[in-house]
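# Residue-level structure breakdown
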Amino acid sequence: MDKQAREKAGLRGVVAGATALCSVGDGHELRYRGYAIEDLAAARTYEDVALLLLRGELPAAAAREAWQQQLAAARVLDPAIEAALLALPAGAPAMAVCRLVADLLACAPDAPDEPEAAAAALLGTMPAALCRWMRAARGQEWPGISRAPSLAAATLEMLHGTAPAEADVRALDVALILYAEHEFNASTFVARVTASTRASCLDAVAAALAALKGPLHGGANEEAMRLISRFDSPAAAVAGVKELLAEKRLIMGFGHAVYKSGDPRSPVIKEAARGLSERHGKQEMFAVAEAIEKTMLADKGMHPNLDFYAAVAYACLGIPTELFTPLFACSRLSGWLAHVGEQRASKALLRPAAEYVGPGPRELPPAA
Ligand code: COA
């Protein structure tokens, strides 16, 4: 398939609807409701950004306080959900665990079905459930639900069983902000299609989770880490990537459907990853990542997307690789649900047309 046909098949550049949530400009910037992603990452928290997406404006102090209390109160593990997590077979895919959590929440008779309430329930339960499941799978004692004030702090505390350093919390918060929303990407579009049928908020999230799992989308951060981990020096990374490119293999964490001259989120997460690598003694891993970046630019003219240095940042924070995509999902919950709200408001059922390329009209042969 040539480039033009591939772009057409991938619906590149097709305007499939309207949104007030997020814009990518002409493919060089990213803004949430008008605010530059760099400014939000530098000066706001994930909790503020989630409210910006869900309500339309950044919160004032009282609204922030109330939202944080709502999220902290939602950070519970229903005994039925905990029992289901502990009954899962070894090696269960972590994104299937995320879907299970969304589906179990949907089974409750009082399941939330308004975007903000669903976001609070999911933002409370999902990280707790993932940490509970992961620690049990590793035979580690469960420290209990964290009462830390932010999603980033609570996640690190529940995962590691100790109070995290402030700098680590801030770095994870930056990653959560960068991952929170991204216009009509594949999983968000799936969420909107699902919501357009008048399915529930939790149904839309379950569908989006399935789409996010793939390595061309959310799964790329895990694949990027697997690539980086293969090399024990920058020189080995350069040689290895050149070999993979010669075999016409995809290098995960590079390229983007929209950003052709660089993902604006990448420099932000790269600096966070650099700081983390210095604090956690992972400078060699960072150097390997930079060697891959330089090789991809020199040999392919391609830039890293958010997933590439997010993988380095997560690894420095001691997050297991199989939780990279689930953490992306936790962050994107606010974006997905804000889109569900928009889609519901439009009242339209998404049902595009197809270009038919099959056989022309023909006579039905007698049955054999
Ligand atoms: N590594 C190596 N080559 C790549 C590449 C990558 N990560 N991404 C694209 N290419 C190549 C393609 O093979 C194709 O080469 P060809 O013209 O010789 O066949 C060319 O670049 C254009 O690729 P195309 O798939 O049309 O680009 P796209 O812009 O539609 O694809 C992605 C965007 C994200 C699907 C693609 O870049 C990719 O698969 N990246 C890796 C997965 C990833 O990181 N996903 C997370 C996205 S945030």
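Now for a description of the structure that goes with this document. (Residues numbered from 1 in each chain as written. Predicted model: local features only at pLDDT ≥ 70, side-chain atom pairs only at ≥ 80, totals over all residues. Heavy atoms only, no water.)

## Observations regarding the sheet that holds strand β2 (residues 31-32)
Sheet architecture is open: three strands sit in the order β1-β2-β3, paired in antiparallel fashion. Each edge of the open sheet is held by one strand with a lone partner, namely β1 (22-23) and β3 (35-36). Bridge count for β1 against β2 is two bridges, and the pairing is antiparallel. Residue Ser-23 lies in a different strand from β2, and its bridge partner there is Arg-31. (Pairing = 2+ DSSP bridges. Helix = DSSP H or I, 4+ residues; strand = E, 2+ residues; numbered from the N terminus.)

## Thoughts on the site of the ligand
In the vicinity of the ligand lie 21 residues, with Arg-12, Ile-251, Gly-253, Phe-254 and Lys-260 positioned nearest. Ile-251 is positioned with one of its backbone polar atoms (N or O) 2.7 Å from a nitrogen atom of the ligand. If the ligand stood free it would expose 860 Å²; the protein chains cover 72% of that surface. The residue inventory of the shell around the ligand, partitioned by class, reads 10 nonpolar, five polar and six charged. (Near = heavy atom within 4 Å. Polar contact = N/O pair within 3.5 Å; in protein donor to acceptor, adjacent residues only side chain to side chain. Areas by Shrake-Rupley, 256 points an atom, 1.4 Å probe, with all protein chains shown as cover. Nonpolar A, V, L, I, M, F, W, Y, C, P; charged D, E, K, R; others polar.)

## Concerning unusual backbone geometry
Phi is positive for Arg-33, close to 45 degrees, though the residue is something other than glycine. Judged by its relative accessible area of 26%, Arg-33 falls in the partly exposed class. One non-glycine residue with positive phi stands out, namely Lys-248, at about 60 degrees. Considering the arrangement of structural elements, one finds Lys-248 in the loop between α13 (234-246) and α14 (265-279). (Buried < 20%, exposed > 50% of the residue type's maximum accessible area, 1.4 Å probe, protein only.)

## What about the packing of aromatic side chains?
In the structure shown here, the tally under the stated rule is seven aromatic pairs. An angle of 40 degrees between the planes, with centres 5.7 Å apart, marks the rings of Phe-184 and Phe-189 as tilted. Under the relative-accessibility criterion, Phe-184 is labelled partly exposed at 22%. Note on Phe-189: relative accessible area 26%, which makes it partly exposed. (Phe/Tyr/Trp six-rings, centres within 6.5 Å; stacked < 30°, edge-to-face > 60°.)

## Overview of the side chain of Thr-295
As for its placement among the helices and strands, Thr-295 is situated in helix α15 (residues 283-300). Judged by its relative accessible area of 5%, Thr-295 is buried.

## Description of the packing of helix α7 (residues 115-137) against helix α17 (residues 324-346)
Running from N to C, α7 and α17 point in directions that differ by 165 degrees, and their axes come no closer than 10 Å. On the basis of their axis angle, the class for α7 and α17 is roughly antiparallel. The hand of the α7/α17 crossing is right-handed. Here α7 contributes Pro-115, Ala-118, Ala-119, Leu-122, Leu-123, Met-126, Pro-127 and Leu-130 to the contact with α17, which in turn contributes Pro-326, Cys-330, Leu-333, Leu-337, Gly-341 and Arg-344. The class makeup of the residues in the contact of α7 with α17 is 12 nonpolar, one polar and one charged. (Axes fitted to C-alpha atoms, helices over the stretch in contact; angles between N-to-C directions. Parallel < 35°, antiparallel > 145°, perpendicular 65-115°, else oblique. Left-handed = near helix turned anticlockwise from the far one by under 90°. Contact = heavy atoms within 4.5 Å.)

## Quick look at the nonpolar core
Core analysis: the largest hydrophobic core is formed by 117 residues, its most contacted members being Tyr-32, Ile-292 and Ile-319. If one sorts the elements of this core by residue count, α7 sits on top with 12 residues. In this view, Tyr-32 contacts Leu-21, Cys-22, Ile-37, Leu-40, Val-49, Leu-52, Leu-53, Ile-177, Leu-178, Tyr-179, Ala-180 and Glu-181; residues no more than four positions away in its chain are not counted. (Core = buried A, V, L, I, M, F, W, Y, C linked by side-chain atoms within 4.5 Å.)

## Considering the pattern of salt bridges
Using the criterion set out here, one finds 20 salt bridges in the structure. A salt bridge links Lys-3 to Glu-7, with the shortest nitrogen-to-oxygen separation between them at 3.1 Å. Here Lys-3 and its partner Glu-7 are both found in helix α1 (residues 3-9), four residues apart, which amounts to about one turn of the helix. A salt bridge links Arg-265 to Asp-263, with the shortest nitrogen-to-oxygen separation between them at 2.8 Å. Both residues of the pair, Arg-265 and Asp-263, count as buried. Taken together, the salt bridges that share partners define one network made up of Lys-270, Glu-271, Arg-274, Glu-290 and Glu-293. (Salt bridge = Lys/Arg side-chain N within 4 Å of Asp/Glu carboxyl O.)

## Examining the environment of Thr-45
Of note, Thr-45 is situated in the loop between α2 (37-43) and α3 (46-55). On the accessibility criterion, Thr-45 (27% relative accessible area) is partly exposed. When the C-alpha positions of Thr-45 and Arg-170 are compared, they lie 8.4 Å apart, and in sequence the two are 125 residues distant. Setting aside chain neighbours within four positions, we find Thr-45 in contact with Asp-173 and Ile-177.

## Some points on the packing of helix α10 (residues 186-196) against α17
One can describe the packing of α10 onto α17 by two numbers: an axis separation of 9 Å at closest approach and a directional angle of 40 degrees. In terms of crossing hand, the pair formed by α10 and α17 is right-handed. Packed against α10, whose contacting residues are Ser-187, Thr-188, Ala-191, Arg-192, Ala-195 and Ser-196, the element α17 presents Arg-332, Trp-336, His-339, Val-340, Glu-342 and Gln-343 at the interface. The class makeup of the residues in the contact of α10 with α17 is four nonpolar, five polar and three charged.

## Re the side chain of Asp-48
Tracing the sequence through the fold places Asp-48 in helix α3. For Asp-48, a relative accessible area of 2% corresponds to the buried category. In this structure the side chain of Asp-48 is engaged in a polar contact, spanning 2.8 Å, whose partner is the side chain of Arg-64. If we ignore the near neighbours within four places in the chain, the residues touching Asp-48 are Leu-58, Pro-59 and Arg-64.

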